[in-house]
Structure formats: C-alpha cells, structure tokens
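Here are the chains, one letter per residue:
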Amino acid sequence: MTIAATAIPLSGTQDGTVKYVSVGGLELEAGGFLPEVLLAYETWGRLNADASNAVLVEHALTGSTHVARGESDEEGWWEQLVGPGATIDTDRYFVVSVNIVGGCYGSTGPSSSAPDGKPWGSRFPLVTLRDSTVAEARLADALGIHSWHTVVGGSMGGARALEWAVSYPDRVKRCAVISIGAYSTAEQIAFAQAQTLAIRQDADFNGGDYYGQAAPEAGLALARRIAHITYRSADELDFRFGRNAQGGEAPLRAAALGDRGRYQVESYLDHQGRKLVQRFDANSYIAITEALMSHDITRGRGSLEDALSVATAKFFVASVDSDRLYFPEQSHELAKALPGGVPVHVIEAPIGHDGFLTEIGQLGPQLREAFFG
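The residue count restarts for each chain, going from 1 along the sequence in the order it is written. Local features in this predicted model are restricted to residues of pLDDT 70 or higher, and side-chain atom pairs are both shown and tallied only at a pLDDT of 80 or more, whereas totals for entire chains, interfaces and linings draw on every residue. Hydrogens are left out, water is left out, and the side-chain values use all remaining heavy atoms of the structure.

Per an unreviewed UniProt entry, the recorded name for the protein is Homoserine O-acetyltransferase, and the organism is Arthrobacter gyeryongensis. UniProt positions are given in the numbering used here, feature names are shortened, and annotations may be inferred rather than shown by experiment. If you open the UniProt record of the protein and go to Function (unreviewed entry), you find "Transfers an acetyl group from acetyl-CoA to L-homoserine, forming acetyl-L-homoserine."

Structure (structure tokens):
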C-alpha cells in the first residue's frame, strides 16, 4: 500500500546533510493527531532510474540521521557499514536515514511549534513506532521510492525496520533486525519507565512545558545514566573501572554522606549524562522512549507467527552475545518465528548492547553476502 505525501519541499542534494519534507497530518494509533508533520532526513548516493537501490537505515533511541560522513566533516555513527566502498556502498546504493517523529534532530517533536506557535511541550501526543513508519512511508513516496532494497537498523532502529517489513510487506525486499526482539519485554519497559520518571520528577520539568526557561537537565542526565548501565555489560564495567576511585577523589573518606568522592564508574556515568544533555531534548527522550515501549509486532495481529507471516522480505537477524538489555534469546525467538527459518548472526563484543554500534563491522561480510553482494 502506498500513502501519498502532501507537501514535498525537498531541499538540498549533498550527501550527509539534513533535508526536510512535510508529510501532512498524522492520525496516531493511540488517538492523538499531529496536523502537520515535518521529517528531517539525510541521504547518500543517488537513486537509480528504477528506484531499486534505496536502503533505509533506522537510527537507535538517541541517534541522529547522520549515519555516514558524506560531504560533511562530522563522522557518522555507522561508518563501518555505510559509505563509499563499504558494505552498504554509497557508490551503488541510495541510502536514507530519517529522524523519528518525536525526535529533536529536525523532525516534528515536543520542541516543535504547535499550530498556536508555541512549543508542543506537554501537549505532544503519544507516537508509536507504527505511527513513525506511516510517516516514513510518505517520505518514501515523496522521494519516489516504492519499495526498499533493504531496511536495516539496530536496537530501536531494528524495531523500526521490523515494523516496516510487517506494516508494508510489499515495500520491503530485505530487512535486517539487529540487537532487538519482536517486542519490548516487561523488564525493558521497567527500565524505560525509570528513565522517563527521572525526567518527569526533575524540579525544572514543569509538566513538559519548560521551553524558554531552565530545562530538566539533571533528570535527563539521570535517565541517561540508567540507560547507559543497560547498554554496557557488567564485565566491561568491571574491566574498565573495577572499584577504583576517580582521580583525586576518595569514595571512602567523608565526614558526611554528601561529601564523599566518586568511584571511576560514577564519574563515567556522570560524563555520559552531561554529553546527552548537551545534544538532546528531555521531552523527546520521553516521547521516543515511550515509542520504544510500544514496540510489539504482534499488537492486533495475532500470534508472533501470524504477525510475521505477512512479511515477504528476506530477513537478516543478529544479536550481541553480551547484550543484557535485548537478550540474544529475543533475537532467536524472532528468527524462529519468521517464515522459512532464519539464522541468528552473532556480534562478539564484551561491552554489551552497544556492540551493535561499535562492532557492527563484524557483520559486514555476512550482510554483504546476504543483501549487498
């Protein structure tokens, strides 16, 4: 099924630079409505005459559209996989990456202006991953892409890729789902809720209407700390930090509780929190996290096997062997339920979930053989 885009103000042609398209109003699965949705996206390479070489790369939770460097100076987050001569060779393929609805890298989100000219803030509606897929389908229409050669993503990006293959089976020829299962589990939802509450309970959150005043930076930084613990493995944290004190600080010397120094691992988490605060909006963090909570390929579609039976894409499934957020067992459950029997490829990485980013190059030969030969 093809959904027609409304306004199509495509701008710019440079690889690796942000472009924008308006895809019109969006009726949302949970009952809300966005009257005008703008999507930010980047592209690399050129679409061929029959539009058969288009590849959609879906970003993870706090990722941007900047998958590869292109003509910019900024390094991309998946350059081991995407670029000239890489597995997804931008000299051969037209690569697209879209900022998810609810994000803060150019697409319509809580910090965007509502029809009254004020930021959406607390009024921003609940957007599911299925909603974001509908919006992306309209972008594909605007770009003249009727079916994707491949849709690929890791973590939340993998959930988005899977949703594409089931929601629009006639528009996805190949689908790579990396480091995620068919749905968010109770534990994953629990971790997510702890993160969103950390933001909502910040004194500066103001119910989500903090624009123009102090932002809930402490809450966002705490949310990132919670998340980052799940992104890394226990072995990696022990190997890197152990029980060592942060330089110049003494964790076991203090006359009062609030005066003690930090362990190195605490300093590391503080650093991760500060980094995210500098580049991300707290409301967007909530919006996208709750979109990931919604991930359930079976919702309204019967059993897992029934839900996946409509997909016609060739699948590639992979997991990180040390992942303690999206366990490898979830990838095996997904692969077993897919039509035709699908193997699970393994990224060997001691660091945990983030191996889908740092060690994606391990999958290069397998992905090239399966999809990009």
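We are not done yet, so read on.
Novice: Account for the UniProt feature "active site" (unreviewed entry) in the protein, naming residues and giving values.
Specialist: Following the UniProt record, one finds the feature "active site" (unreviewed entry) at Ser155, Asp323 and His353. Judged by maximum C-alpha separation, these annotated positions cover 199 residues in sequence but sit close together in space, the widest gap being only 10.7 Å. Secondary structure elements are taken from DSSP: a helix is a run of H or I of four residues or more, a strand is a run of E of two residues or more, and numbering for both begins at the N terminus. Looking at the element boundaries, Ser155 is found in the loop between strand E9 (150-154) and helix H2 (156-167). Note on definitions: a residue-residue contact is assigned when non-hydrogen atoms from the two residues lie within 4.5 Å. Among residues more than four places away in sequence, those in contact with Ser155 are Ala60, Ile178, Ser179, Ile180, Tyr326, His353 and Phe356.

Novice: So what's going on with helix H11 (residues 364-372)? Which residues, and what values?
Specialist: Type-normalised accessible area, obtained with a 1.4 Å probe on protein chains alone, sets the label of each residue: buried when under 20%, exposed when over 50%, and partly exposed for intermediate values. Along H11, the residues classified as buried are Gly364, Leu367, Phe371 and Phe372. Along the long axis of H11, the arc covered by the buried residues comes to 65°, so they all point the same way. Turned more than 90 degrees away from the buried face of H11, the exposed residues are Pro365 and Glu369. Each element contacted by the buried residues of H11 is listed here: strand E5 (54-58), strand E7 (88-89), E9, strand E10 (174-178) and strand E11 (314-320). The arc under discussion is defined with respect to the helix axis, by the directions toward the C-beta atoms.

Novice: Help me get a handle on the environment of Ala186, residues and values and all.
Specialist: For Ala186, the position within the fold is in helix H3 (residues 186-200). Judged by its relative accessible area of 64%, Ala186 falls in the exposed class. In this structure the C-alpha to C-alpha distance between Ala186 and Phe371, which are 185 residues apart in sequence, comes to 33 Å.

Novice: A description of the pattern of salt bridges should follow, citing residues and the corresponding values.
Specialist: Salt bridges are defined as contacts in which a side-chain nitrogen from Lys or Arg sits within 4 Å of a carboxyl oxygen from Asp or Glu. Counted by the stated rule, this structure contains 18 salt bridges. Notably, a salt bridge pairs Arg301 with Glu163, separated by 2.8 Å at the nearest N-O pair. With Arg301 in the loop between helix H7 (282-293) and helix H8 (304-308) and Glu163 in helix H2, this pair connects stretches of sequence that are 138 residues apart. For Arg301, a relative accessible area of 23% translates into the label partly exposed. Residue class for Glu163 comes out buried when judged on its relative accessible area of 2%.

Novice: Quick rundown of a nonpolar patch on the surface? Include the residues and the values.
Specialist: Exposure above 30% relative accessible area and the absence of a salt bridge qualify a residue for a patch, where like charges join within 9 Å and nonpolar side chains (Val, Leu, Ile, Met, Phe, Trp, Tyr) within 5 Å. We get accessible surface area from the Shrake-Rupley algorithm with a probe of 1.4 Å; when it comes to residues, only the shown protein chains can shield them. A cluster of nonpolar residues, Val18, Tyr20 and Leu38, forms a patch on the protein surface that exposes about 210 Å² of accessible area. Relative to the helices and strands, Leu38 is located in strand E4 (residues 38-44).

Novice: Account for the confidence of the model for the protein, with residues named and values stated.
Specialist: A low pLDDT score tells you not to read the predicted coordinates there in detail. A residue's pLDDT is simply how confident the predictor is in it, with values from 0 to 100. Across the protein, the average pLDDT comes to 96, with 97% of residues at or above 70. Mean pLDDT across the elements of the protein ranges from a minimum in strand E1 (residues 19-22), with 97, to a maximum in E9, with 99. A low-confidence stretch, residues 1-12 (pLDDT under 50), is modelled with 35 contacts involving residues beyond four sequence positions or located in other chains.

Novice: Describe the UniProt feature "binding site: substrate" (unreviewed entry) in the protein, and please don't skip the residues or the numbers.
Specialist: Within the UniProt annotation, "binding site: substrate" (unreviewed entry) is assigned to Arg224 and Asp354. What stands out for the annotated residues spanning 131 residues is how close their C-alpha atoms remain, the widest pair being 13.7 Å apart. Position of Arg224 relative to the elements: it lies in helix H4 (residues 217-231). For Arg224, a relative accessible area of 10% puts it in the buried group. Not counting residues up to four positions away in its chain, the partners in contact with Arg224 are Thr62, Tyr231, Gln272, Gly273, Leu276, Arg279 and Tyr285. Mapped onto the fold, Asp354 is located in the loop between strand E12 (344-347) and helix H10 (355-358). Of the residues examined, Asp354 reaches a relative accessible area of 11% and is grouped as buried. When neighbours within four sequence positions are excluded, Asp354 is seen to be in contact with His228, Tyr231 and Arg232. What qualifies as a polar contact is a pair of N or O atoms within 3.5 Å, subject to a donor-acceptor requirement within protein and to the restriction that residues adjacent in sequence count only when both atoms come from side chains. Of the polar contacts made by the side chain of Asp354, one reaches the side chain of Arg232; its length is 3.3 Å.

Novice: If you had to explain the packing of aromatic side chains to someone new, which residues and values would you point to?
Specialist: Paired rings are identified among Phe, Tyr and Trp, the last through its six-membered ring, by centres lying within 6.5 Å, and are further divided according to the angle between planes into stacked (under 30 degrees), edge-to-face (over 60) and tilted (the rest). Under the criterion given, the structure shown has 12 aromatic pairs. Aromatic side chains Tyr93 and Phe372 sit 5.3 Å apart centroid to centroid with 80° between the ring planes, which places their arrangement in the edge-to-face category. Of the two residues, Tyr93 sits in the loop between E7 and strand E8 (94-98) while Phe372 sits in helix H11, which places them 279 residues apart along the sequence. On the accessibility criterion, Tyr93 (5% relative accessible area) is buried. With a relative accessible area of 1%, Phe372 lands in the buried category. Aromatic side chains Phe241 and Tyr268 sit 4.9 Å apart centroid to centroid with 35° between the ring planes, which places their arrangement in the tilted category. On the criterion of sequence distance, the pair formed by Phe241 in the loop between helix H5 (234-240) and helix H6 (264-277) and Tyr268 in helix H6 is long-range, its members being 27 residues apart. Exposure class is identical for Phe241 and Tyr268. Each is buried. Cluster of aromatic residues (ring-pair linked, three or more members): Tyr93, Phe316, Phe371 and Phe372.

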